[in-house]
Amino acid sequence: MPVLSVIVPFHNVEKYIGPCLDSIAAQTLQEMEVICVDDGSADQGAAVVESRLGDDPRLTLIRQDNHGVGHARNVGVRRATGEYLAFVDGDDTVPRDAFKRLVSSLEDTGSDLACGNVMRLYRNLLVPSWAHREAFARPARRTHITRHPLLIRDRMLWNKVYRRSFWDAQGLSFPERMYEDQPVAMAAHIGARSVDVLARVVYHWRHRDEPDASITQRRLEPGNLRDRLLSVLQTADLLAAGAPKLKPVFDRDTLDIDMAVAVEALAAMGEAADPGLADLAVRYLDGVSREAWQSLPFEQRLLVHLLHERRLGELAGLYAQAEDGRLRPKIGSVGLLRKRWYGRHPAMPGHLSEVSGELALQTRLVSVDWNDGVLHGSGRVAVGRFDVGELRRVRVRTWMQERGTGDVVPLSDEESVPVWESVEQEDGGGCRSTRSRSGSRSTPAPCRGGSSPGTATGT
């Protein structure tokens, strides 16, 4: 019996399946079987695999009509005989010692699952995967997702080795749709007695060059969005039942990523969108806490709220404004000793309107020069992506900081009535900004020339 069964589903990846299999054949772990499942390819990918069968007895080719990657993986699992399971997509590659490290970790610890870090592969360039960078910054043995919550982002299938007895005991199998790996990966993390986390890179996740080549690159298609939302709902239910304390963490990421895709797709479709797509998004959003909603920036929160309310016509209009930089809600404050700030938009309910945590300054130094021995500067300050034109007064504190030594020279700390202007941003969008002068010296918005941004407060 082989130690490891590696399942490689593939569909129309003739250009990549050879390098994928080369990376598997070069593994330092030799005691394995490689089960390639051709999911109805229309190119010569199957021929590439077939040409290698005689040279590597560990290699098996299964052909089937196109039923999707989930079905192909289930077929591979049923054929597998190894003590451990691993999955590799036919357009990706695996570092030479990856399987050896993952299997050795499981044999040392007795854990049910071992997972490792990931790099994105852009042609011949490897860069860290943002989804995995934090979760795999440091190794951890015999841990669990409830003790290592950053693993909530480890929703991919292929940077892992699973103990086969654990897989079968959990009854794991793939939904036969796109985004099928997320609920399986999360079910494995939740169901495992313990998990090994490797900081070493164990997978190279390819970004393909062809337009619309991958599932994620076709994310705005209705069928793609439907499958994505179904996986979100399934994963949310898994967490609510098996790890409820992690549900808010999942929701924050999902609101930021998956709901952003849903907003973009449904805004493009507008009122012509299939009501069933909005229904799926609404079903998920119905279970999201106010705290998770508040994690979104106001602009995105407003757009997701319109999706939640099924107001797709308004969503389309506001999304266009946001894309053009024209969605600039006004802000106001409540309270004296502990002031809280709120965005104002007629479509946004009050309980979702607080923006106290996102009023970062956007600053630009416009000019600086010496005149009669005095340094004069001019600049502009904008407060996030908000229109603050209704503030009665503003306090701006500015300084210059020497880059080499860190020495700070205070410039001004004053309260005045701001002068508001509509100006063109460097990225082409518009903003409302303030200029405030103090005697012969203006208060700069020092984002260039070695200066540091000031702070501002207003009422």
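This one's a predicted model, so the numbers in the text were calculated from it and none came from an experiment. (Residues numbered from 1 in each chain as written. Predicted model: local features only at pLDDT ≥ 70, side-chain atom pairs only at ≥ 80, totals over all residues. Heavy atoms only, no water.)

1. Examining the pattern of salt bridges
Part 1 of the reasoning: If you walk through the whole model with that rule in mind, you get 26 salt bridges.
Part 2 of the reasoning: One salt bridge in this structure joins Arg310 and Asp279, with 3.0 Å as the shortest N-O distance. With Arg310 in the loop between helix H13 (298–308) and helix H14 (312–323) and Asp279 in helix H11 (residues 275–285), this residue pair connects regions lying 31 residues apart in the sequence.
Part 3 of the reasoning: We classify Arg310 as partly exposed; its relative accessible area is 46%.
Part 4 of the reasoning: For Arg385, the salt bridge goes to Glu299, with nearest N and O atoms at 3.1 Å. Of the two residues, Arg385 sits in the loop between strand S13 (374–383) and strand S14 (394–401) while Glu299 sits in helix H13, which places them 86 residues apart along the sequence. (Salt bridge = Lys/Arg side-chain N within 4 Å of Asp/Glu carboxyl O. Helix = DSSP H or I, 4+ residues; strand = E, 2+ residues; numbered from the N terminus. Buried < 20%, exposed > 50% of the residue type's maximum accessible area, 1.4 Å probe, protein only.)

2. So, the nonpolar core
Part 1 of the reasoning: Phe87, Trp167, Leu255, Tyr284 and Leu315 are the most contacted members of the largest nonpolar core, which totals 79 residues.
Part 2 of the reasoning: Residue contacts for Leu315: discarding those within four places in its chain leaves Val263, Leu266, Ala267, Leu303, Leu306 and Leu307.
Part 3 of the reasoning: Within the second largest apolar cluster, 37 residues are counted, among which are Ile24, Cys36, Val88 and Ala98. (Core = buried A, V, L, I, M, F, W, Y, C linked by side-chain atoms within 4.5 Å. Contact = heavy atoms within 4.5 Å.)

3. Description of the environment of Ala86
Part 1 of the reasoning: You can see Ala86 is positioned in strand S4 (residues 84–87).
Part 2 of the reasoning: Expressed as a C-alpha distance, the spacing of Ala86 and Trp158, which sit 72 residues apart in the sequence, is 6.8 Å.
Part 3 of the reasoning: Dropping the residues within four chain positions of it, Ala86 is found in contact with Leu4, Ser5, Val6, Ile7, Phe99, Lys160 and Val161.

4. Side note on the packing of aromatic side chains
Part 1 of the reasoning: Per the counting criterion, the structure on display carries nine aromatic pairs.
Part 2 of the reasoning: Here the aromatic rings of Phe87 and Phe174 are separated by 5.4 Å at their centres, their planes lie at 80°, and the arrangement is edge-to-face. Highlighted residues: Phe87 in strand S4 and Phe174 in the loop between helix H6 (164–170) and helix H7 (181–191), separated in sequence by 87 residues.
Part 3 of the reasoning: Geometrically, the ring pair formed by Trp158 and Tyr203 is stacked, given 4.5 Å between the ring centres and 5° between the ring planes. (Phe/Tyr/Trp six-rings, centres within 6.5 Å; stacked < 30°, edge-to-face > 60°.)

5. What about unusual backbone geometry?
Part 1 of the reasoning: The phi dihedral of Asn12 is positive, around 55°, even though this residue is not glycine.
Part 2 of the reasoning: Its place among the elements puts Asn12 in the loop between strand S1 (4–10) and helix H1 (14–25).
Part 3 of the reasoning: The residue Arg310 is not glycine, and still its phi comes out positive at about 60°.

6. Here's the deal with the packing of helix H8 (residues 222–242) against helix H10 (residues 258–269)
Part 1 of the reasoning: Between H8 and H10, the least distance of the axes is 11 Å, while the angle of their chain directions is 145°. In this structure, H8 crosses over H10, and the sense of that crossing is left-handed. For the pair formed by H8 and H10, the contact residues are Pro222, Leu225, Arg228, Leu229 and Val232 on the first element and Asp258, Met259, Val261, Ala262, Ala265, Leu266 and Met269 on the second.
Part 2 of the reasoning: Looking at the contact of H8 with H10 residue by residue, the class counts come to 10 nonpolar, no polar and two charged. (Axes fitted to C-alpha atoms, helices over the stretch in contact; angles between N-to-C directions. Left-handed = near helix turned anticlockwise from the far one by under 90°. Nonpolar A, V, L, I, M, F, W, Y, C, P; charged D, E, K, R; others polar.)

7. Some remarks on the packing of H10 against H14
Part 1 of the reasoning: It is at 8 Å that the axes of H10 and H14 come closest, and there the two elements cross at 105°. Here H14 runs roughly perpendicular to H10, going by the angle between their axes. Here Val263, Glu264, Leu266 and Ala267 of H10 come into contact with H14, specifically with Leu312, Leu315, Ala316 and Tyr319.
Part 2 of the reasoning: Of the residues in the contact of H10 with H14, the class split is seven nonpolar, no polar and one charged. (Parallel < 35°, antiparallel > 145°, perpendicular 65-115°, else oblique.)

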